[in-house]
Amino acid sequence: MLKKDNRISLRSAVLMALVSVMAFTAGCSVSSDQVLLSNDHELSSDVKAVNELTTGRQQWFAEEICIPEDSSYYQDDEVSAGAALVFNLDEPEAVYAKKVYQKMSPASLTTLFTAYTVLQRMDLSETVTVTADEVRGLTHASTVGLKAGDQVTIEQLLYGMILSSGVDAANVLADATAGNADAFVRLMNADAVRCGCLDTQFKNANGLTKSGHYTSAYDIYLIMRKLMQDKRFVQILTTDRYQAVYSDKDGSRVTQDYVSTVQYLEEGKTEIGRLKILGGKTGTTMSAGHCLVLVSSGEDGTRYLSIVMKAKSKDSLYEQTDHILNKIK
């Protein structure tokens, strides 16, 4: 088990140097929100991050985050996925890391960032009305069966999005939070920057494949650190089944069961070796392959985050998750 070197990583040092240069030359006179939220802004995530940090939002550098060693320390030919990691969520400790900074299609792992943006701004008890546009054209997508006119709460939508990967739920949440999908995506990208995510750019809130829509395993770690500090999110993530009761457009009662798509929980499995499974989020598309974010806890209560991205099959996804979690000593 490898711990973070006390020295600042090259990655952090480069960004800090860029911040200093830009602050000196520009005097921090331009608001990063003006840059980040402009409609025609297409700068890279790294430049976005520097813009954000020049306004003084560099608290994340001071946090005890995990920065993995050079990838050669973690060589393991049995891990064939595109990227993978196991990090301690309670201490800056890396157990395993493979291509954690690689920009990759995240499928519905995107909705972890969606949830963060929603939780920062919305009252979970608020009721919203589903529109026709939010549920149109989703024939081949994963949905939770929402229909135009349904009256649902923000909380119910979050459960549907996280547990059952509801694309329709993500669409409704985006509109409810920001007024429209494009405005919500701008908020998502700004929030990602504020959390220190340098390899992330979103084009939608639901994770459907789109050119220029990507994140990295490391950035997912950063957002999960934030999310796991929010008791509301922890409650959602650690629930394997949720029943939503709401009204349709005619006022009739609708009952929907949202079930976690994490295979361990579907099968009633609660442990991997000595680790207790707390909850997780899956994501699957042709572009992203099979992906899984999982939170587990050791016998002493220490929480671990595992991420596997772009596994070739569902079986391979869970085999590799088992394999990397068994590296925890």
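Details of the structure are given in the entry above.
Keep in mind it's a predicted model, so treat the numbers as computed, not measured.

## Structural notes on the packing of aromatic side chains
Summed over all chains, the structure comprises nine aromatic pairs. Taking 6.2 Å as the distance between ring centres and 85° as the angle between the ring planes, the aromatic pair formed by Tyr74 and Tyr96 counts as edge-to-face. One end of the pair, Tyr74, is in the loop between α4 (59-62) and β2 (83-88); the other, Tyr96, is in strand β3 (residues 93-98), with 22 residues separating them in the sequence. Since its relative accessible area comes to 5%, Tyr74 is described here as buried. With a centroid separation of 5.5 Å and 50° between ring planes, the pair formed by Tyr218 and Tyr221 is classed as tilted. You can see Tyr218 and its partner Tyr221 sitting in helix α10 (residues 217-227), three residues apart, about one turn around the helix. A connected cluster of aromatic rings, assembled from ring pairs, spans Phe87, Tyr101, Tyr218 and Tyr221.

## Remarks on the nonpolar core
Of all hydrophobic cores here, the largest spans 93 residues; its most connected members are Leu158, Tyr221, Met224 and Phe233. The element contributing the most residues to this core is α10, with eight residues.

## Some remarks on the side chain of Ser108
Structurally, Ser108 is set in the loop between β3 and α5 (110-119). Owing to a relative accessible area of 11%, Ser108 belongs among the buried residues under this scheme. When sequence neighbours within four positions are dropped, the list of residues in contact with Ser108 reads Ser165, Asn206, Gly207, Lys281, Thr282 and Gly283.

## A word on the packing of helix α8 (residues 167-178) against helix α9 (residues 181-194)
How two helices pack is summed up by the angle between their axes together with the distance between the axes. The N-to-C vectors of α8 and α9 enclose an angle of 85°; their axes lie 8 Å apart at closest approach. In this view, α8 runs roughly perpendicular relative to α9, as classed from their interaxial angle. Seen from α8, the contacting residues are Leu173, Ala174, Asp175, Thr177 and Ala178; seen from α9, they are Ala181, Ala183, Phe184 and Leu187. Looking at side-chain class alone, the contact of α8 with α9 contains seven nonpolar, one polar and one charged residues.

What counts as what
Residues numbered from 1 in each chain as written. Predicted model: local features only at pLDDT ≥ 70, side-chain atom pairs only at ≥ 80, totals over all residues. Heavy atoms only, no water. Phe/Tyr/Trp six-rings, centres within 6.5 Å; stacked < 30°, edge-to-face > 60°. Helix = DSSP H or I, 4+ residues; strand = E, 2+ residues; numbered from the N terminus. Buried < 20%, exposed > 50% of the residue type's maximum accessible area, 1.4 Å probe, protein only. Core = buried A, V, L, I, M, F, W, Y, C linked by side-chain atoms within 4.5 Å. Contact = heavy atoms within 4.5 Å. Axes fitted to C-alpha atoms, helices over the stretch in contact; angles between N-to-C directions. Parallel < 35°, antiparallel > 145°, perpendicular 65-115°, else oblique. Nonpolar A, V, L, I, M, F, W, Y, C, P; charged D, E, K, R; others polar.

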